[in-house]
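Coordinate analysis (summary)
Below are the chains, spelled out letter by letter.
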Amino acid sequence: MKYTIFEIYEAIITEAHRHFMNNNFRHRHNKWPRYKKQFFERNPDAPKEDYYSWKAHYQCENWEEDIIWMDDERFRYHWPIHYGYITRIHSEEESNRNGPPSDQG
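Here is a short report on the structure shown in this document. This structure is a prediction, so every number in the text was calculated from the model and none was measured. (Residues numbered from 1 in each chain as written. Predicted model: local features only at pLDDT ≥ 70, side-chain atom pairs only at ≥ 80, totals over all residues. Heavy atoms only, no water.)

**Some details on the overall build of the protein**
The helix and strand inventory of the protein stands at 7 helices and 0 strands. Across the protein, helices and strands are ordered from the amino to the carboxyl terminus as α-α-α-α-α-α-α. Each of the three principal axes of the protein carries a C-alpha extent, and together these read 50 × 30 × 25 Å. Looking at the protein as a whole, 31% of its 105 residues are labelled buried. A sequence separation of at least 24 residues applies to 53% of the contacts in the protein between residues at least 6 apart. Of the roughly 7400 Å² that the protein leaves accessible, carbon and sulfur atoms contribute 49%. When the 15 basic and 18 acidic side-chain charges of the protein are each reduced to a single mean position, those positions are 9 Å apart. (Helix = DSSP H or I, 4+ residues; strand = E, 2+ residues; numbered from the N terminus. Buried < 20%, exposed > 50% of the residue type's maximum accessible area, 1.4 Å probe, protein only. Contact = heavy atoms within 4.5 Å. Areas by Shrake-Rupley, 256 points an atom, 1.4 Å probe, with all protein chains shown as cover. Lys, Arg positive; Asp, Glu negative; His and termini not counted. Charge placed at Lys NZ, Arg CZ, Asp CG, Glu CD.)

**As for the side chain of H17**
Structurally, H17 can be placed in helix α2 (residues 15–24). Ignoring anything within four residues of it in the chain, the contact list for H17 reads I12, Y85 and I89.

**Details of the pattern of salt bridges**
Across all of its chains, the model carries 6 salt bridges by this definition. For R18, the salt bridge identified is with E64, shortest N-O distance 3.9 Å. Placement of the pair is R18 in helix α2 and E64 in helix α5 (residues 63–69), with a sequence separation of 46 residues. With a relative accessible area of 23%, E64 lands in the partly exposed category. (Salt bridge = Lys/Arg side-chain N within 4 Å of Asp/Glu carboxyl O.)

**Regarding the nonpolar core**
If you look at the biggest cluster of nonpolar residues, it comprises 23 residues, and the most contacted ones within it are I13, M21, W54, W63, F75 and I86. Of all elements in the fold, only α1 (5–12), α3 (32–42), α4 (48–60), α5 and α7 (80–98) reach the threshold of two or more residues within this core. If we ignore the near neighbours within four places in the chain, the residues touching I86 are I5, I8, Y9, I12, I13, M21, W63, I67 and F75. (Core = buried A, V, L, I, M, F, W, Y, C linked by side-chain atoms within 4.5 Å.)

**Some words on the packing of aromatic side chains**
Counting across every chain of the model gives 18 aromatic pairs. Summarising the aromatic geometry, the rings of F25 and Y85 are spaced 5.6 Å apart at their centres and angled 75 degrees between planes, so their arrangement reads as edge-to-face. Placement of the pair is F25 in the loop between α2 and α3 and Y85 in helix α7, with a sequence separation of 60 residues. Across the pair, Y85 and F25 agree in class, each one buried. (Phe/Tyr/Trp six-rings, centres within 6.5 Å; stacked < 30°, edge-to-face > 60°.)

**Quick look at the environment of I81**
Looking at where I81 falls in the secondary structure, it is placed in helix α7. The partly exposed category is assigned to I81, whose relative accessible area is 34%. Distance from I81 to N96, taken between C-alpha atoms, is 23 Å for residues 15 residues apart in sequence. Setting aside residues no more than four positions away along its own chain, I81 makes contact with F25 and Y58.

What follows is the structure in structure tokens.
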């Protein structure tokens, strides 16, 4: 079954995960050249206006509010680091729940 990013967030993200994201994934002014490079690597055909719009959103909005109403694609676009972290935690949880791969062939 495929879950939305919000369903995953509600089911497995703990307060400790939220604190980690809020402390480590917030924008840092000295990293904007890196953010810009990564934005255009992920969106090679995007015009500069899209980058500036994304940048304003990333600086001024709140990922914890956006995750409630955004679809997965839009959330991944605006909050790629958060999206990646949440999906990685989900994958780890799934692996732990299912156990190690079986070597029975």
